[in-house]
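Understanding the architecture of this molecule
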Amino acid sequence: MRALNADLHCHSTVSDGLLAPADVVRRAHANGVELLALTDHDETGGLAEARTMALELGVPFLNGVEISISWGDDQTVHIIGLGIDPDNEVLLDGLRNVRSGRDSRAQRMADELDKVGIHGAYEGARKYVGNPALVSRSHFARYIVESGYAADVKSVFDHWLAKGKPGYVEHTWASLSDAVRWIVGAGGVAVIAHPGRYRLTSGQRRKLFTEFKALGGRGIEVLSGSHHDDEVREYARIANEYGFLASRASDFHGVGESRVDIGKLPDLPEQLTPVWTVLEDVTCIRLVS
Ligand code: AMP
Ligand code: MN
Ligand code: MN
Ligand code: MN
């Protein structure tokens with residue numbers, strides 16, 4: 001059977017992507033995507049625009065979100081919600097709370113960057129923000145590249161913005177149990193984003209997957225723009241071991257910033273259950289609504 005060109009993780013200007021929601025959908029359509037979810041960070045504000053364009057172009061579309069959580073020993077983990085009801089009040093309230101700390105965090109980041117010679121970063125990052133409630137490290141990275149301190153966004157993270165670097169400040173996001181509860185309560189399926197990105201010991205990883213599953217989490221991204229081939233094999237094995245559904249997820253933010261374009265991932269390894277097998281009904285409902 002031919003594999004579905006599903007892409008269930010990407011960003012728009014409503015969070016830290018470079019394209020407006022409608023343009024994300026246009027690009028997905030041009031790249032042959034057959035099932036798309038827009039998953040902005042901590043924000044559902046781009047879904048209506050994306051859904052309208054998806055209807056116009058005939059691209060099957062899922063409402064999505066990527067929720068920032070703090071887990072364990074101050075680890076930041078991202079949880080994707082797929083097929084959520086974007087009007088669910090508990091989810092919307094929860095996301096509003098998650099977003100509310102971002103501005104003061106940005107000011108603290110700018111203070112720290114100032115100490116290492118990068119000046120004006122708060123105002124600079126704000127110039128790149130499409131949604132005033134959603135200032136992220138990506139916006140800082142764009143400002144730092146534009147100011148000539150680094151050649152590209154990746155090296156900004158390597159030098160200044162990754163955990164342990166001078167511009168990184170600790171921040172408390174949602175809890176794992178809140179994120180899963182909001183997603184499931186809004187009718188969605190919870191999926192661990194890019195598991196290969198977290199710096200966890202094997203014991204911590206086991207604990208994360210076990211807790212996530214016990215809370216009602218159902219999937220992990222096996223294919224991700226962040227995963228190399230060995231990680232794809234590793235998370236395919238883990239999906240089988242834990243009985244997780246498998247997702248296919250470019251995490252596209254924009255041309256020049258993303259390793260994988262929207263809809264351009266390889267097929268999922270065989271013997272996995274794709275997450276969209278449990279989302280087909282939701283997809284149809286969301287498409288006609
Ligand atoms: P924030 O939610 O403000 O902590 O920003 C997190 C975002 O920064 C991620 O969603 C990515 O878009 C981006 N990011 C994190 N680490 C890296 C990296 N090493 N290289 C490029 N972008 C990154
Ligand atoms: Mn991002
Ligand atoms: Mn992420
Ligand atoms: Mn993402």
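Every value quoted in this text rests on a predicted model; they were computed, and no experiment measured them.

**Structural notes on the coordination of the manganese ion (ligand 3)**
Looking at the manganese ion (ligand 3), one finds its protein donor set to be E66 (OE), H78 (ND1) and H194 (NE2), positioned 2.1 to 2.2 Å from the metal centre. A separation of 5.5 Å is found between the manganese ion (ligand 3) and the manganese ion (ligand 2). Within this pair, whereas H78 is found in strand 4 (residues 75-82), its partner H194 is found in the loop between strand 5 (189-192) and helix 9 (202-215), the two being separated by 116 residues in sequence. Of the two residues, H78 and H194, neither departs from the other in class, the shared state being buried.

**Some details on the coordination of the manganese ion (ligand 4)**
The coordination sphere of the manganese ion (ligand 4) contains the protein donors H9 (NE2), H11 (NE2), E66 (OE) and D251 (OD), at a distance range of 2.1 to 2.2 Å. Read from N- to C-terminus, the donor residues coordinating the manganese ion (ligand 4) fall into the pattern H-x1-H-x54-E-x184-D. In this model, the manganese ion (ligand 4) sits 4.6 Å from the manganese ion (ligand 2). Among the residues examined, H11 registers a relative accessible area of 0% and is labelled buried.

**Structural notes on the site of ligand 1**
Every residue near ligand 1 is listed here: D16, H41, R102, R105, S136, R137, S138, V153, F157, R197 and H253. In the environment of ligand 1, an oxygen atom lies 3.0 Å from a nitrogen or oxygen atom belonging to the side chain of D16. A distance of 2.8 Å separates an oxygen atom of ligand 1 from a polar backbone atom of R137. Relative to its unbound accessible surface of 500 Å², ligand 1 loses 81% to contact with the protein.

**Points about helix 7 (residues 153-161)**
Along an α-helix, a turn takes 3.6 residues, which lines up residues three or four apart on a common side. What helix 7 keeps buried is the set S155, V156, W160 and L161. The buried residues of helix 7 occupy one face: seen down the axis, they fall within an arc of 160 degrees. Tucked inside the fold, the buried residues of helix 7 contact helix 4 (102-115) and helix 6 (137-146).

**Describing the nonpolar core**
The tendency in soluble globular proteins is for nonpolar side chains to be buried as a group. Ranked by size, the top nonpolar core spans 68 residues in total, and within it I67, I79 and V222 carry the most contacts. If near-sequence neighbours (up to four positions away) are discounted, I67 is found in contact with D42, V77, H78, I79, L91, L95, A174, A179, W182 and I183. Of all hydrophobic cores here, the second largest spans 19 residues; its members include V129, V135, A141 and L161.

What counts, and at which threshold
- Residues numbered from 1 in each chain as written.
- Chains lettered and ligands numbered in written order.
- Predicted model: local features only at pLDDT ≥ 70, side-chain atom pairs only at ≥ 80, totals over all residues.
- Heavy atoms only, no water.
- Donors = N, O, S within 2.8 Å, 3.2 Å for Na, K, Ca; no water.
- Helix = DSSP H or I, 4+ residues; strand = E, 2+ residues; numbered from the N terminus.
- Buried < 20%, exposed > 50% of the residue type's maximum accessible area, 1.4 Å probe, protein only.
- Near = heavy atom within 4 Å.
- Polar contact = N/O pair within 3.5 Å; in protein donor to acceptor, adjacent residues only side chain to side chain.
- Areas by Shrake-Rupley, 256 points an atom, 1.4 Å probe, with all protein chains shown as cover.
- Arc of directions from axis to C-beta.
- Contact = heavy atoms within 4.5 Å.
- Core = buried A, V, L, I, M, F, W, Y, C linked by side-chain atoms within 4.5 Å.

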